[in-house]
Amino acid sequence: MRFDSHIERLLDTTVALVNLASPGEAHGTAYDPPVGRDLVAGVADVTSTPEQRSRPTPAEASALLEVVPSARAVFEAAARDDLAAAAAIANDLLDTTRARPRLDPDEGGRFQLHFHGPDDGYVRGWQAGIASGLAVALGSDLGGRLGVCEAAGCDRVFVDGSKNGTRRFCSPQCQSRVKAAAHRARSR
Ligand SMILES: [Zn+2]
């Protein structure tokens, strides 16, 4: 089961931004988001593509991160199967970011559906893209694919791209930590 590649990229970026900027726990240890220049560099990394390096200003990076709490709340609601709550938050995000779909040509002359903000600036463009990616996921059969890691000591979000949709952990590290803990419990 796969999303359109553009939607997939928006969702991957959303996951990376939420995990970058949300305090909590990651892979068994406490997580504090980076600050200052490190945070700006993190936002730049996450929003860069192989073709184009993003260079947000500190103000742009923090403006973009304003959508993170709502985006995270969408994952949390979807993870507890409350798709109505997830949809309500995504609808609010679509409103506040004023996302609008638009067909843009690619290099091959084919058209791809992109999601723009009220202007094509970095902050509004990405915010609208994040809102749209979450909305498209929730509006498809794949709404339940937005998840929060179930491992102890981890609250990172993920998109489940597995065939059967049974992913429970954010990463292979968390999966093997849980396996090892279960093994230790059994052998005691
Ligand atoms: Zn995890």
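Analysis parameters
Residues numbered from 1 in each chain as written. Predicted model: local features only at pLDDT ≥ 70, side-chain atom pairs only at ≥ 80, totals over all residues. Heavy atoms only, no water. Helix = DSSP H or I, 4+ residues; strand = E, 2+ residues; numbered from the N terminus. Expected span 1.5 Å × (residues − 1). Buried < 20%, exposed > 50% of the residue type's maximum accessible area, 1.4 Å probe, protein only. Salt bridge = Lys/Arg side-chain N within 4 Å of Asp/Glu carboxyl O. Axes fitted to C-alpha atoms, helices over the stretch in contact; angles between N-to-C directions. Parallel < 35°, antiparallel > 145°, perpendicular 65-115°, else oblique. Left-handed = near helix turned anticlockwise from the far one by under 90°. Contact = heavy atoms within 4.5 Å. UniProt positions renumbered as here; feature names shortened; annotations may be inferred. Donors = N, O, S within 2.8 Å, 3.2 Å for Na, K, Ca; no water. Tetrahedral: all angles 85-135°; square planar, octahedral: opposite > 155°, others 65-115°.

Looking at an unreviewed UniProt entry, one finds the protein chain named Zinc finger CGNR domain-containing protein, with Terrabacter aerolatus as its source organism.

Visitor: With reference to specific residues and values, describe helix H1 (residues 5–21).
Guide: The end-to-end C-alpha distance of H1, which contains 17 residues, comes to 24 Å, matching closely the 24 Å that a straight helix rising 1.5 Å per residue would cover. Burial of H1 is extensive: 13 of the 17 residues sit out of reach of the surface.

Visitor: Talk me through the pattern of salt bridges; I want residue IDs and the actual numbers.
Guide: Any two side chains of opposite charge can pair, on the condition that their charged atoms come close. Per the counting criterion, the structure on display carries eight salt bridges. Between Asp45 and Arg53 there is a salt bridge whose closest N-O contact spans 2.9 Å. Judged by its relative accessible area of 46%, Asp45 falls in the partly exposed class. When its relative accessible area of 42% is taken as the criterion, Arg53 is described as partly exposed. Ionic pairing is found between Asp160 and Arg145, a salt bridge with its closest N-O pair at 4.0 Å. Here Arg145 lies in the loop between helix H6 (122–138) and strand S5 (146–148) and Asp160 lies in the loop between strand S6 (157–159) and helix H7 (172–187), a separation of 15 residues in the sequence. Each of the two residues, Asp160 as well as Arg145, counts as buried.

Visitor: Explain the packing of helix H4 (residues 68–79) against helix H5 (residues 83–97) to me, and be specific about the residues and the numbers.
Guide: Between two packed helices, the angle of one axis relative to the other and the distance separating the axes together describe the packing. Contact geometry for H4 and H5: axes closest at 7 Å, N-to-C directions at 160 degrees. Classified by the interaxial angle, the pair formed by H4 and H5 is roughly antiparallel. Crossing of H4 over H5 shows left-handed handedness. Side by side, H4 and H5 meet where Ser70, Ala71, Ala73, Val74, Ala77 and Ala78 of the first sit next to Leu83, Ala85, Ala86, Ile89, Ala90 and Leu93 of the second.

Visitor: Can you break down the UniProt feature "domain: Zinc finger CGNR" (unreviewed entry) in the protein chain residue by residue, with the values?
Guide: Here, UniProt's "domain: Zinc finger CGNR" (unreviewed entry) annotation points to residues 145–186. Helix makes up 36% of residues 145–186 and strand 14%, whereas the separation of the span's terminal C-alpha atoms amounts to 30 Å.

Visitor: Could you give an account of the coordination of the zinc ion, with specific residues and numbers?
Guide: Summarising the metal site, the zinc ion is bound by the protein donors Cys149 (SG), Cys154 (SG), Cys170 (SG) and Cys174 (SG), whose distances to it range over 2.3 to 2.4 Å. What the four donor atoms of the zinc ion show is an angle range of 105 to 116 degrees at the metal, which sorts the shape as tetrahedral. Counting residues between consecutive donors of the zinc ion along the chain gives the motif C-x4-C-x15-C-x3-C. One end of the pair, Cys149, is in the loop between S5 and S6; the other, Cys174, is in helix H7, with 25 residues separating them in the sequence.

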